[in-house]
Amino acid sequence: MGVLICIALLMFAVGLSINAILNSSSGAFPLKINKYPKPRINEMAWPTIGFPSIKTPGSILTVELDLGGVGRDTRGSIRSSNCRAVLNPVRKALKWLEYVIPARSVKRGRSKHWPVDSRMGRIDDLFHIDFKLPSDILPELYDLKVMVTLGGQTLSDFEPHCVSVIEGGKDFFRFVTIADVHVHRRNISGWMQPQTNKGITASGKPAFFNNAIEQVNLIRPEFVIMLGDYVRAQHRPGDLIIEFENFYNALLSFEVPVFLVPGNHDLYVNEIDGSKLWRENLGPLYYSFSIMNCHFSCVNTSDWPFQDRNVMKKLGLFVYPRKWQGQILGAENEKDPRTYSGQLAWLRDDLENSKEKLKFLFCHHDPYRPEGRGVSFDNETFALFFRLGGGGRGRRALLELCSRYHVNFVFSGHLHSDYVGVRKWRKSKNSTVFANQTCLYFDEGGKRRKYPGYRIVEVRAGHARVLYYAKKPWSLPFYAGSVPGGTTSLDSLHLPSLSGYWRNSHVNHSLEFVVESRLGAKIEIKGIVCCFNRIVDNPKVRGASVEKVFTLPEAKRTVLYLKTRVAGPPLRECLGKYNYHSERIVISVGD
């Protein structure tokens, strides 16, 4: 008996030692700071590719510029007559189109979009330049170039995919949420960290991400909000910068604006600091915006110190940072918002000052799932003994703010599976819906109770509705053969749930577009845009309705926007199967 007790005590001591090592801040390749890539955010502080501006025709676009010491010695040195903006559509069929817009006014002040704890947010005299958009500008996503002439020299800066124009006078819009893209290099599986190569080309490009983007472009929502973890960045030294570049390049395939929320993997320190990389290339780590009487708050729940985000290799087997679960700092007393500081104080003020009818919160870690426990903020348990990765603060503060300031929806990712919970507001019969969702990539592969998917949210006249698949809290699948609520063979998925393509028509003077749906649900398709290299009068369309026709006399061209609702096969014929339904859209343009 004594021998057994000694063995048990020895194993316990060894376990404590291993646990201490796993939770320490040291390990292989811990802290080699590499050269950062050239920043993509330079003089133009806002809008950015990760925090774009959404405007209507004829409205004012305000651009924030940081020109350093240029023009600051003399108050009137930069005038509106010396500033202009150039907008170019990102849609390939419209690359010939360009809008050159003179400035209306120039002011100075702090950024209205970067928080005060960022470099851009601390600058007292950013230039705020107003541009009035043309009343007939096409409803598209645009690249923006701003030019300022000063002392005979022209200064310019460029930001892709940062301005979107949507139709005005509407009370209806849609947005898509996507989580956990995890662009990664091939052959990164490790012990207790399996990862499939599926969807990654031989050259390392994320084909799976491009496939998802094509489907989103076909749906053509007003915008997309991505909920974090766009890279893996934790297998080999240097993974972060390689995977980030692949992610950024794929991001340029979107034809709709994308708002980005950071996840834990995005902010890891792997030769370079992910938080610095984010701010220099994508935008602020947290921010908010409003559209059509709806307010959207995007927060950073990976609010860990530098040393906790540093990726390390432990015991020659494990590769991870000390912390990957949720945390948002700044609460002395999480139940009392008066004690908040930092990001939490910003969020408190942001929600309190919002007068919009609907409020949405977006974060990577769900503070509620399951049933209010918020496991995304807790330590994870491995081998029944080792507790790692979490213990973060701020979860209860998020719940308190949602209840106190009547947040209607919270969307999140991180756990790679679907869950929807409801929590009542204080002293009210209404409640917050917490919608946690599945990932976009193929994860570890094999047969799993998850699948790549996304959510669509419709907002009409101040009321929001999440389009749950089959009327259950499931995400819409990106691939035919997915089995929501059951086991999906991830290795077998290959056919997209939605696809569309142009093909030659057998009818003279006609074009034909084919939409194929393998979804067991009706989906509205609005991404069918036809550009004619001549003026077309009264085009006739079968299989779709005409949303808008734009005639551009100076360019001698006509642009046609179409929409249709595609009903896929019955749901029972979709689960784990590859059946599809197609719609033919024929556009006749006459002689």
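First things first, this report covers the structure right here in the doc. (Residues numbered from 1 in each chain as written. Predicted model: local features only at pLDDT ≥ 70, side-chain atom pairs only at ≥ 80, totals over all residues. Heavy atoms only, no water.)

1. What about the environment of Pro47?
Put simply, the test is: What counts as a helix is a DSSP run of H or I of at least four residues, what counts as a strand is a run of E of at least two, and both are numbered from the N terminus. The contact criterion used is simple: two residues touch if any of their non-hydrogen atoms lie within 4.5 Å.
Here Pro47 is to be found in the loop between strand E1 (44–46) and strand E2 (53–55). Expressed as a C-alpha distance, the spacing of Pro47 and Arg455, which sit 408 residues apart in the sequence, is 25 Å. Contact partners of Pro47, with chain neighbours within four places excluded, come to Pro52, Ser53, Val63, Leu144, Glu159, Cys162 and Val163.

2. Here we look at the packing of helix H3 (residues 207–219) against helix H4 (residues 239–251)
Basically, it comes down to this: Axis angles are defined between N-to-C directions and span 0 to 180 degrees, where every axis is a line fitted to C-alpha atoms and, for a helix, only to the segment in contact. Oblique is the label for any angle not covered by the other classes, which are roughly parallel (under 35 degrees), roughly antiparallel (over 145) and roughly perpendicular (65 to 115). Throughout, a crossing is termed right-handed when the near helix is turned clockwise from the far one, and left-handed when it is turned anticlockwise from it by less than a right angle. All amino acids are sorted into three groups, where Ala, Val, Leu, Ile, Met, Phe, Trp, Tyr, Cys and Pro are nonpolar, Asp, Glu, Lys and Arg are charged, and the leftover types, Gly among them, are polar.
Running from amino to carboxyl end, H3 crosses H4 at an angle of 20°, the nearest separation of the two axes being 10 Å. The angle between H3 and H4 falls in the class roughly parallel. Crossing hand, H3 versus H4: right-handed. Here Phe209, Asn210 and Ile213 of H3 come into contact with H4, specifically with Phe247, Ala250 and Leu251. Residue classes in the contact of H3 with H4 are distributed as five nonpolar, one polar and no charged.

3. Observations concerning the sheet that holds strand E4 (residues 83–89)
Which entries qualify depends on this criterion: Strands are labelled as partners when DSSP assigns at least two bridges between them.
The eight strands lie next to each other as E1-E3-E6-E5-E4-E7-E8-E2, forming an open sheet whose pairing is mixed. Each end of this open sheet is capped by a strand with a single partner; those strands are E1 and E2. Between one strand axis and the next, the sheet turns by 40° as a mean value, whatever way the strands run. Here strand E7 (residues 141–150) runs beside strand E8 (residues 153–165); their pairing, made up of nine bridges, is antiparallel. Counted as the bridge partner of Met147 is Ser156 from E8.

4. Focus: the nonpolar core
Put simply, the test is: Buried residues of nine kinds, namely Ala, Val, Leu, Ile, Met, Phe, Trp, Tyr and Cys, make up a nonpolar core once their side-chain atoms join them within 4.5 Å. Burial status follows relative accessibility: with a 1.4 Å probe on protein chains alone, a residue under 20% of its type maximum counts as buried, one over 50% as exposed, and anything between as partly exposed.
Core analysis: the largest hydrophobic core is formed by 98 residues, its most contacted members being Phe209, Met226, Phe296 and Phe360. Among the elements that make up this core, the one with the highest residue count is H3 (seven residues). By size, the runner-up hydrophobic cluster in this structure holds 33 residues, among which are Phe127, Leu133, Val165 and Phe550.

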